[in-house]
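Architecture and fold: a report
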Amino acid sequence: MAISAPKSNDTNLSDLLSSIHKGETQLPDFQRKWTWDDNRIRSLLASLSQGYPMGALMQLEYGSSEVKFKYRTIEGAPSSEATPRYLVMDGQQRLTSMYRSLYGKDPVATTNDKRVSISRFYYLDMNACLDPEADRYDAVVSVPEDRKIKENFDRDVKLDLSTRELEYEHEMYPANILFDSSAATQWLLGYMSFHQSSPDAMTKFNKFQQDVIETITSYRLPVITMDKSTPREAVCKVFENVNTGGVSLTVFELVTATFATYEFDLRGDWEANKRRIHALDKDIRTDVTESVDETAFLTTVTLFTSYKRKRDGLSGAVSCKKKDVLDLRFEDYQANKEAVIEGYELAREFLLSQSVFRKRDLPYTTQIIPLAAIAGYVGSKTFKDPKSQKIVARWFWCGIFGEMYGGSNETRYCYDIEDVVAEIEGAESEMRTVNNAHFQSTRLLGLQSRQSAAYKGIMALLYKGKGLDFMRGISIDIVNSMETAPDIHHIFPQSHCEKMGYERQKWNSVINKTPLLPESNREIGGSAPSVYSAKIVEKADIEQGELRHRIESNLIDWDAFINDDFDAYFKARAMALLDAIESAMGKSISDRGTEETVKRFGCSLEKDAS
């Protein structure tokens, strides 16, 4: 269906304020609250009184069967049972400020420049407005709820506008009668009576009427209107583009507004679901799934739903792009969320089984989305079957070492759930992530920091292989990873390598690093392996054979290590890491003996290379 282009029309401010008062113009419930302070309101009224442009407003025509948002009245407007004609998408702060100060009869509940709550009425100082030398901002006077400005710790009244007669005396025009013709007429009559129908008073008021009152009451604003055909995805994008000064609108917030029409609190539901997904009530906790936020959760539900609908013959393709999340039906969310939550619980157990214990060590936070959807779809019994675990593990490691999740991932999620579920069920499967994953030997040299997924993957393999700490001799499991916080350290220390003139790309790569506890790092210091190993033997009170066992558990060649032979050590460790990667991916690394590998490493890394 074609989408009508937004229409822009200049609209009378009086019509906009009247529409707000009647409940014809309201806010989508996802809009943030009105926040403008007293100074911004005064600045707005000053600009308005001079006819300065203030930028376009944007509204959405309400009533589409596809775009249903819960709505609320604009702050300060009377409660209304009316169904709105329009929802304000951009300009809420300006509209609310003008409505409350110019149209509402109650004091404006705002804040001062120190963010302290205050209540204010606004006046236009007639004399200051008509003085060409005066700053118009100063002509907009803000007074407390009792209409008295006080000083000297509230002991002295500086300006009292608590009666109409005092307003006439000080020639202070109430801003909130500007669009109330009856009140405005009564004020003018009272003003002239107070000044005994003085020609000077009439001349002044006529000038004020012409220059200020009519400027405000005849003010027109450009209003861009999106009609009912505008889809939710476009509404979301528009709001993100225009709301740069406010709170960015997420897909989750739009879906929350949609689900609210069913009297359902999606935000509250997420807070309850989050406890299970983040394992907040587990006796032994890790933060490994805490990267899963509300939008990731909705994406997972959408992926699961789309795949299930395809399997049930209700749709032709699997998709979980932004527009699909926005189109997620409430009944599908309700029907499928429990399976997805269970999928996340199973995904967490799987990550721990692969020795990924903490959020900072998780190679790809995005890979949890298809992992949870797969686990949720096949169910606990099937997912925990050893054959299924082997299939999922191979897919998991191929995604990591093939570095498959670095860009836009929604299409890959769909491949993953189709391929992995089919493989688990014994059906024909393309296993695209597995078959498209390739790791190059030379990539090891480029892994210099923990930011890379492949770098984190290698560290997880060292945990999984039960690599032991040099000093304490313990492997890093779920309990140890939480209590002792291992970190990644150089095996041949940096200062030693720099002193010996070794190539930085080599000694600072993942090949020369391993996870160790703080005690080991302190003993290593900046010494050569032969020196710090002797210190560890003495301080840990162990035999050298035990230290050798600990060193070798980290895929380190002992002889090269103890003899400070960096080149031999480096080649052997690179080969050992490649072996571990091949085992995890279930496929060989084809470039171990290529010309480029020999050039970069100074030797072949093939298993039979001498």
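Every chain begins its residue count from 1, and numbering advances along the sequence as written. Side-chain atom pairs in this predicted model are given and counted only at pLDDT of 80 or more, local residue features only at pLDDT of at least 70, and totals for whole chains, interfaces and linings cover all residues. By convention in this description, side-chain values take in all heavy atoms of the structure and omit both hydrogens and water.

**Quick word on the overall build of the protein chain**
- For the protein chain, the count of helices and strands is 30 helices and 14 strands.
- Since a compact globule built from 610 residues should have a radius of gyration of about 25 Å, the 35 Å found for the protein chain marks it as more spread out than a globular shape.
- With the C-alpha coordinates of the protein chain rotated into their principal frame, the extents come out at 110 × 65 × 50 Å.
- Every residue pair with non-hydrogen atoms within 4.5 Å of one another is taken to be in contact. Long-range contacts, defined as pairs at least 24 residues apart, comprise 72% of the intrachain contacts of the protein chain with a sequence gap of at least 6.
- Accessible surface, the protein chain: about 27600 Å² in total, of which carbon and sulfur atoms supply 45%.
- Here the protein chain contributes 77 positively and 91 negatively charged side chains, and the mean placements of these two sets differ by 2 Å. Note on conventions: DSSP H or I runs of at least 4 residues are helices, E runs of at least 2 residues are strands, and numbering of each starts at the N terminus. Here the globule rule reads 2.2 Å times residues to the power 0.38, and the radius of gyration is calculated from C-alpha atoms. Surface accessibility follows the Shrake-Rupley procedure with a 1.4 Å probe radius. Residue values consider only the protein chains on display as shielding. None of His or the chain ends enter the tally, which takes Lys and Arg as positive and Asp and Glu as negative. Think of each charge as sitting on NZ of Lys, CZ of Arg, CG of Asp or CD of Glu.

**Observations concerning the side chain of E167**
- For E167, the position within the fold is in helix α6 (residues 164-170).
- Judged by relative accessible area, which is 2%, E167 ranks as buried.
- A polar contact of 3.0 Å, which involves the side chain of E167, links it to the side chain of W187. In this scheme, a residue with accessible area under 20% of its type's maximum is buried, one over 50% is exposed, and one in between is partly exposed, where area comes from a 1.4 Å probe on protein chains only. Here a polar contact is recorded for every N or O atom pair within 3.5 Å, except that within protein the pair must consist of a potential hydrogen donor and a potential acceptor, and residues adjacent in sequence are included only if both atoms are side-chain atoms.

**Structural notes on the packing of aromatic side chains**
- Stacked, edge-to-face and tilted are the three classes for Phe, Tyr and Trp ring pairs, Trp counted by its six-membered ring, which pair at centre distances within 6.5 Å; planes under 30 degrees apart are stacked, over 60 edge-to-face, the rest tilted. Per the stated rule, a full pass over the model turns up 36 aromatic pairs.
- Geometrically, the ring pair formed by F350 and F396 is edge-to-face, given 5.4 Å between the ring centres and 90 degrees between the ring planes. Linking F350 in helix α14 (residues 330-353) with F396 in helix α17 (residues 386-401), this pair joins segments that are 46 residues apart in sequence.
- A connected cluster of aromatic rings, assembled from ring pairs, spans Y168, Y173, W187, Y191, F194, F205 and F208.
- Lysine NZ or arginine CZ positioned within 6 Å of the ring centre and within 35 degrees of the ring normal marks a charge as sitting over the ring. Across the ring face of Y137, the terminal group of R42 is positioned such that the distance to the ring centre comes to 4.0 Å.

**Observations concerning the pairing of strand β8 (residues 140-144)**
- Most of β8 is tucked away: four of the five residues are buried.
- Whether two strands pair comes down to DSSP finding at least two bridges between them. In terms of strand pairing, strand β7 (residues 117-125) meets β8 through five bridges, oriented antiparallel. Directly across from F121, in β8, lies its bridge partner V143.

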